[in-house]
Amino acid sequence: MSTIPLGAHVEQTDPIAEAEARHALHVQFFLGDPQGYKGPEIRYAGGAEGLRADAEAAGVGLYVHAPYIVNVATTNNRIRIPSRKLLQQHMDAAAEIGARGLIVHGGHVNNDDDPAVGFDNWRKAIEATDIKIPLLIENTAGGDNAMARYLDRIKGVFDAIAGAASGSDDVGFCLDTCHAHAGGIPLESVVDEIRAITGRIDLVHCNDSRDEFDSGADRHANVGAGKIDPDLLTSVVRDAGVPVVFETPGGADEHVADFEAVRSRL
């Protein structure tokens, strides 16, 4: 039996109850609106302190996903500056509830921009952020000028971050299997290739993909219901050997089925 802990992305009102419904050791959720600049919001009845204490008492690990709109790489000041502010707000809130990590997408620059500017904007963002818990940059599925779709771009981001004056030690990586598949990175080699670039993988988002390899489409599917062989998904989980979050459709029953589909192959 594998000892790799499995969990799921859940609704944020009561993450502990969601974890218990799935017999999961950890869960991931948003704090507030994933598409808004309003800032984090703790919807748990006991507030931030209550969520932290109750999660610790229940033995449930917490991961927070930053809003999708955060894009610290962009050359557009009207997006980059609010994104940095939002990233810090979610970092502060995630630390307050005792989260194990804050996951953020790699972002992108405009089609006619030099990617090097985006890499340097990542460096500046790391220097400008008070990183209190691990900040996990996630690979993304689409976009020709994305910062974290292709391996060479991921390398550009992490090379730039390594040159930051502070904070780089607390920056890790979240590997999304659907995003890698749809983004054109072969899952057979992705763990070794990412580790060679970043030195680490901290979390795996284990998601099947509704679309073909290199489609650029970010559409998740339950294990066995998409285009990725479940044995291949499982091999990524096994090779990474780190905590896993399923961001797959459905509720507790569907997630438990996804857990079992992978666990039975480990």
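What you see is a predicted model; the values in this text were computed from it and never measured.

### Comments concerning the packing of helix α4 (residues 115–128) against helix α5 (residues 151–162)
- Put simply, α4 and α5 touch, their axes get as near as 8 Å, and they point 40° apart. The angle between α4 and α5 falls in the class oblique. In this structure, α4 meets α5 at a crossing whose hand is right-handed. Where α4 approaches α5, its residues Pro115, Phe119, Asp120, Trp122, Arg123 and Ile126 are matched on the opposing element by Arg153, Gly156, Val157, Ala160 and Ile161.
- Across the contact of α4 with α5, the residue classes break down as 7 nonpolar, 1 polar and 3 charged.

### A word on the pairing of strand β3 (residues 61–65)
- Burial analysis of β3 places 5 of its 5 residues in the buried class, the great majority of the element.
- Neither face of β3 is left uncovered, since the one carrying Gly61, Tyr63 and His65 and the one carrying Leu62 and Val64 both have all their residues buried.
- Where strand β2 (residues 26–29) lies against β3, 4 bridges are found, and the strand directions are parallel. Paired with Val27 across the two strands is Leu62, which belongs to β3.

### Structural notes on the pairing of strand β5 (residues 135–138)
- Of the two faces of β5, the one holding Leu135 and Ile137 and the one holding Leu136 and Glu138 are both buried throughout.
- As paired elements, strand β4 (residues 101–105) and β5 share 4 bridges and run parallel to each other. If you follow Val104 over to β5, its bridge partner there is Ile137.
- Chirality of the crossover, the property in question, places the unit of β4, α4 and β5 among those that are right-handed.
- One ladder, built from 4 bridges, connects β5 with strand β6 (residues 171–176); its direction is parallel. When the bridges of β6 are listed, Leu135 appears paired with Val171.
- Crossover connection from β5 via α5 to parallel β6: handedness right-handed.

### Overview of the sheet that holds β5
- In spatial order, the strands read β1-β2-β3-β4-β5-β6-β7-β10; together these 8 strands close into a barrel with parallel pairing. Geometrically, the sheet is characterised by an average inter-axis angle of 30° between neighbouring strands, direction not taken into account.

### A word on the nonpolar core
- Ranked by size, the top nonpolar core spans 74 residues in total, and within it Phe29, Leu62, Ile97, Trp122, Leu135, Leu175 and Val190 carry the most contacts.
- Considering every element that reaches this core, the biggest residue donor is helix α3 (residues 77–96), with 6 residues.
- If we ignore the near neighbours within four places in the chain, the residues touching Leu135 are Leu87, Met91, Leu102, Val104, Trp122, Ile126, Asp170, Val171 and Gly172.
- In this structure, Tyr63, Ile103, Leu136 and Cys174 belong to the second largest nonpolar core, which totals 6 residues.

### Observations concerning the packing of aromatic side chains
- Applying the stated criterion across every chain, the model contains 3 aromatic pairs.
- Measuring from centroid to centroid gives 5.2 Å for Phe30 and Tyr68, while their planes differ by 75°, and the two rings are edge-to-face. With Phe30 in the loop between β2 and α2 (47–58) and Tyr68 in the loop between β3 and α3, this residue pair connects regions lying 38 residues apart in the sequence.

### Focus: the environment of Lys227
- Tracing the chain through its elements places Lys227 in the loop between β9 (220–221) and α8 (230–240).
- Residue Lys227 is classed as partly exposed on the basis of its relative accessible area, which comes to 44%.
- Remark: the alpha-carbon pair of Lys227 and Asn76, spanning 151 residues in sequence, is separated by 35 Å.
- When neighbours within four sequence positions are excluded, Lys227 is seen to be in contact with His181, Asp208, Ser209, Arg210, Asp211 and Glu212.
- Of the polar contacts made by the side chain of Lys227, one reaches the side chain of Glu212; its length is 3.5 Å.

### Digging into unusual backbone geometry
- Residue His23 is not a glycine yet carries a positive backbone phi of 50°.
- When you line up the elements, His23 lands in the loop between α1 (15–21) and β2.
- You can call His23 exposed: its relative accessible area is 70%.
- Phi at Asp214 takes a positive value of approximately 65°, unusual for a residue other than glycine.
- Mapping Asp214 onto the fold places it in the loop between β8 (208–209) and β9.
- Residue Asp214 is classed as partly exposed on the basis of its relative accessible area of 41%.

What counts as what
- Residues numbered from 1 in each chain as written.
- Predicted model: local features only at pLDDT ≥ 70, side-chain atom pairs only at ≥ 80, totals over all residues.
- Heavy atoms only, no water.
- Axes fitted to C-alpha atoms, helices over the stretch in contact; angles between N-to-C directions.
- Helix = DSSP H or I, 4+ residues; strand = E, 2+ residues; numbered from the N terminus.
- Parallel < 35°, antiparallel > 145°, perpendicular 65-115°, else oblique.
- Left-handed = near helix turned anticlockwise from the far one by under 90°.
- Contact = heavy atoms within 4.5 Å.
- Nonpolar A, V, L, I, M, F, W, Y, C, P; charged D, E, K, R; others polar.
- Buried < 20%, exposed > 50% of the residue type's maximum accessible area, 1.4 Å probe, protein only.
- Pairing = 2+ DSSP bridges.
- Right-handed = clockwise from strand over helix to strand, strands pointing away.
- Core = buried A, V, L, I, M, F, W, Y, C linked by side-chain atoms within 4.5 Å.
- Phe/Tyr/Trp six-rings, centres within 6.5 Å; stacked < 30°, edge-to-face > 60°.
- Polar contact = N/O pair within 3.5 Å; in protein donor to acceptor, adjacent residues only side chain to side chain.

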